[in-house]
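Inside the fold
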Number of protein chains: 2
Amino acid sequence: MPKWLKEIGPDSDVVISSRIRLARNLEATPFPQSLKEPQGREIISRVYDAVIEGNSSLKNDFSLIEINSLNRLEKMNYVENNLISPDLLKHSDIGALLVNNDEALSIMINEEDHIRIQCMLPGLQLSEGWDMANRIDDLIEERIKYAYNERLGYLTSCPTNVGTGIRASVMLHLPVLNMTGYMSNVIKIAGQIGLAVRGIHGEGTEFTGNIYQISNQITLGMTEEEIIKNLQDVVRQIVQQERALRENLYVERPVELEDRIFRSYGLLKNARLITSNEAMKLISDLKLGVNLKLIADINLQQLNELMIMIQAGYIQKQFGGEIGEHERDKKRAELIRRSI
Amino acid sequence: MPKWLKEIGPDSDVVISSRIRLARNLEATPFPQSLKEPQGREIISRVYDAVIEGNSSLKNDFSLIEINSLNRLEKMNYVENNLISPDLLKHSDIGALLVNNDEALSIMINEEDHIRIQCMLPGLQLSEGWDMANRIDDLIEERIKYAYNERLGYLTSCPTNVGTGIRASVMLHLPVLNMTGYMSNVIKIAGQIGLAVRGIHGEGTEFTGNIYQISNQITLGMTEEEIIKNLQDVVRQIVQQERALRENLYVERPVELEDRIFRSYGLLKNARLITSNEAMKLISDLKLGVNLKLIADINLQQLNELMIMIQAGYIQKQFGGEIGEHERDKKRAELIRRSI
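Note that the coordinates shown come from a computational prediction; the quantities given were computed from them, not determined experimentally.

This next bit is on the packing of helix α9 (residues 254-270) of chain A against helix α9 (residues 254-270) of chain B. Helix-helix packing: each pair is described by the crossing angle between the helix axes and the interaxial distance. Interhelical geometry of α9 of chain A versus α9 of chain B gives an angle of 145° and a closest axis separation of 8 Å. Along this stretch, α9 of chain A crosses α9 of chain B, giving a crossing that reads as right-handed. In this structure, α9 of chain A uses Phe262, Arg263, Tyr265, Gly266, Leu267 and Asn270 of chain A to contact α9 of chain B, whose residues at the interface are Phe262, Arg263, Tyr265, Gly266, Leu267 and Asn270 of chain B. Looking at side-chain class alone, the contact of α9 of chain A with α9 of chain B contains 6 nonpolar, 4 polar and 2 charged residues.

Right, let's get into the nonpolar core. Counting 194 residues, the largest nonpolar core has Ile107 and Ile140 of chain A together with Ile107 and Ile140 of chain B as the members making the most contacts within it. Contacts of Ile140 of chain B, omitting those with residues within four sequence positions, involve Ala50, Val51, Ile107, Ile115, Ile117 and Tyr146 of chain B.

This part covers the pattern of salt bridges. If charged atoms from side chains of opposite charge come close, those side chains can pair. Residues and elements named next belong to chain A. Applying the stated criterion to the full structure yields 39 salt bridges over all chains. Its salt-bridge partner being Glu66, residue Arg41 comes within 2.3 Å of it at the nearest N-O pair. Note that Arg41 is positioned in helix α2 (residues 37-54) and Glu66 in strand β2 (residues 62-66), a separation of 25 residues in sequence. Exposure remark for Glu66: the relative accessible area of 27% places this residue in the partly exposed category. Between Arg116 and Glu111 there is a salt bridge, with its nearest N and O atoms 3.4 Å apart.

The interface is formed by 17 residues belonging to chain B together with 17 residues belonging to chain A. For the pair chain B and chain A, the two sides together bury roughly 1,600 Å², of which 59% comes from carbon and sulfur. If you sort the residues of chain B by the area they bury against chain A, Val255, Arg263 and Arg272 of chain B come out on top, with a joint share of 35%. Inspection of the region where chain B meets chain A yields 2 salt bridges. Residue Glu278 of chain A pairs with Arg263 of chain B through a salt bridge whose shortest N-O separation is 2.8 Å. Broken down by secondary-structure element, the contributors of at least two residues to the side of chain B that touches chain A are α9 and α13 (325-339) of chain B. Residues of the side of chain B that touches chain A, tallied by class, amount to 7 nonpolar, 3 polar and 7 charged.

With that settled, the discussion passes to the relation of the copies chain B and chain A. Between chain B and chain A, the superposition needs a rotation of 180° and an axial shift of 0.1 Å, giving an RMSD of 0.1 Å. The two molecules are tied by a two-fold rotation axis, judged by turn and shift. Judged by C-alpha distance, Gly266 of chain B is the residue of chain B that lies nearest the rotation axis, at 2.0 Å. Comparing interface residues between copies, 100% of those in chain B also sit at the interface in chain A, which points to an isologous, same-surface contact.

The subject of this paragraph is the sheet that holds strand β8 (residues 166-173) of chain A. All names here are of chain A. If you trace the 8 strands from one edge of the open sheet to the other, you get β2-β3-β4-β5-β1-β8-β10-β9, paired in antiparallel fashion. Looking along the sheet, the strands with just one partner apiece sit at the ends: β2 and β9 (195-198). Neighbour-to-neighbour, the strand axes of this sheet turn through a mean angle of 20°, independent of strand direction. The sheet contact formed by β2 and strand β3 (residues 96-100) spans 5 bridges and is antiparallel. Residue pairing across strands places Leu64 opposite Leu98, the latter belonging to β3. Most of the contacts of helix α8 (residues 224-252) go to β8, to which it runs at about 10°, and overall it touches β1 (15-24), β8, β9 and β10 (211-216).

Looking now at the confidence of the model for chain A. Residues and elements named next belong to chain A. The predicted model of chain A averages 93 in pLDDT, with 98% of residues at 70 or higher. Element-level mean pLDDT values for chain A span from 87 in helix α4 (residues 86-90) up to 98 in α9. Here the prediction assigns the complex a pTM of 0.90, and the interface score ipTM is 0.88.

The subject of this paragraph is the packing of aromatic side chains. All told, the structure shown has 8 aromatic pairs over all chains when counted by the stated rule. Note on Tyr146 of chain A and Tyr154 of chain A: the rings are 5.8 Å apart at their centroids and 80° apart in plane angle, and the pair reads as edge-to-face. When the centroid spacing of 5.0 Å and the interplanar angle of 70° are considered together, the rings of Tyr148 of chain A and Tyr154 of chain A count as edge-to-face. Among the residues examined, Tyr154 of chain A registers a relative accessible area of 12% and is labelled buried. We note Arg272 of chain A situated over the ring of Phe262 of chain B; from NZ or CZ to the ring centre the distance is 3.7 Å.

Turning our eyes to something else, we now look at the pairing of strand β5 (residues 115-122) of chain A. Residues and elements named next belong to chain A. Of all 8 residues that make up β5, 8 are buried, and the element is covered over most of its length. Residues Ile115, Ile117, Cys119 and Leu121 line one face of β5 and the alternating positions Arg116, Gln118, Met120 and Pro122 line the opposite face, and both faces are buried. Across 8 bridges, β1 lies against β5 in antiparallel orientation. The residue of β5 that forms the bridge with Arg21 is Gln118.

Cut-off values and rules
Residues numbered from 1 in each chain as written. Chains lettered and ligands numbered in written order. Predicted model: local features only at pLDDT ≥ 70, side-chain atom pairs only at ≥ 80, totals over all residues. Heavy atoms only, no water. Axes fitted to C-alpha atoms, helices over the stretch in contact; angles between N-to-C directions. Helix = DSSP H or I, 4+ residues; strand = E, 2+ residues; numbered from the N terminus. Left-handed = near helix turned anticlockwise from the far one by under 90°. Contact = heavy atoms within 4.5 Å. Nonpolar A, V, L, I, M, F, W, Y, C, P; charged D, E, K, R; others polar. Core = buried A, V, L, I, M, F, W, Y, C linked by side-chain atoms within 4.5 Å. Buried < 20%, exposed > 50% of the residue type's maximum accessible area, 1.4 Å probe, protein only. Salt bridge = Lys/Arg side-chain N within 4 Å of Asp/Glu carboxyl O. Buried area = accessible area lost by both parts, 1.4 Å probe. Least-squares fit on C-alpha atoms with pLDDT ≥ 70 in both. Pairing = 2+ DSSP bridges. pLDDT = per-residue confidence, 0-100. Phe/Tyr/Trp six-rings, centres within 6.5 Å; stacked < 30°, edge-to-face > 60°. Lys NZ or Arg CZ within 6 Å of the ring centre and 35° of its normal.

Below is the structure:
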């Protein structure tokens, strides 16, 4: 389990994780989608060398994983952990992942860009994530010349990343903003101030389990620090709003809220068949119950972990092999009953 | 709690209770709906004397309850226990109930007819019920002359009861006949052979909790024994069908069935607000779970009792006074959590 799942960070009642991602490319080298295999493999070893040779203490901390060496289930697990993107799987022959032991830091090689440095931490820790990603970026830049334009900044495969190449994002659990209908307003306002709101698995996915990813859309014309501060300020406001609504709801309709939370608890503890969608909804209720101190024998970290462990890839990994949907629903229910 | 709820009888996996009811009227006396109060009160004391004086051993066994002496909640409880009918409440000033200690035998006085002898026993015990009701009938007849016509038999207020005046009925729990859709066919066939199928609270009520009351419609042209045998034969067939379908379903779709049963268990154990309708449905699933030995820490008798204890009258009695619907739903959920 990656660091963002194993630990609980600041503001964890609302913020599940913070992520910084930097997009970088090698100078005078075709972008990955136009790369031949030998060139792609050369980039893998150049990035690997840059990280390892740049700082020998990192040698034991980082592992190189070539996408081609993974089986289908392993690939799914990495995607479910948010360590690799589905896009990286499209370039399996030249794609690789460099990841540190606690899986807080990772570098995707030959995804959409040659290099995507990612730092993912539990709770609201955007600045901390930026510091860590920035250090790795500096390390690589000592040995690799990035594609950089004085006027535009870092050049990237997709124009939306040009400039700082930074994507800062936070994963939020917002059950009561959603329940009370205010969330559509939050999404609208976020869009107006240059932030994007997505579901747990990125663009186009639904807001399963009341989980929302909020990230900057603008990468140009602002410094990294400004981008992070902007996102952080908005997130802090959303966190305050969600907290106030939770308390308010619990004061105004305590029995209805308890009823909802305990029913979800009862279903999770007793179901024999459950889809991941239903499980996400019920776990979301349970998280709210833990936040409101209605449920004491489970903690948030367990529930964050459970939200990942019930995904199709994990279920199949834990039960040793690919299985059909009905069997997955059964195994998922078993796993949940054992966990809570 | 009446005997039919406190004990478990034969075929209790399907049959909750058996009931025999005999309608009788006094000769040359207006039917209750045309009775003046003094006449009504005289009938009460005549019936009481006939039972008590006929057999002195019954003196300590029977209690006389005048409907006017009951408060609203007590009246509801007696109706929920099936000891009195809602109709008896309409003639409160002249209505009374004579009931024995274990509440297996009861006599409603001045309901639709002057005398309605009722015997209600747990499980399939129609003949036993008939024997008990018949003995009380004989006892009363020693001192009271019934309205009787040589050609028609016993005369009753409503023509559908003329003849034997007997209504034999059984309360059945038929979750799988209902689930598989066969129940509509059973109801159709029952109608064709002169049996009526009703919900738990009599005519016009829904089949809440998969509970069906089946009774004879014909009271004329057959002996009591024939009527009882006819009903009993049909009930035995229905019981066999329900049992076969339960086993079949469990063999064919074990996980789906377990899922349904355990989800209901989880909801009952955790809900903080619950309507009686929902509770009845969930308890029905639980009964099926007990029948299939999936749930071991509860027994059928507890669940039969629970089906009565969650009714509005009981809830209010236990929590000391009349309360609104929302408060009842809350108290009901509390009571269920304490019980299972």
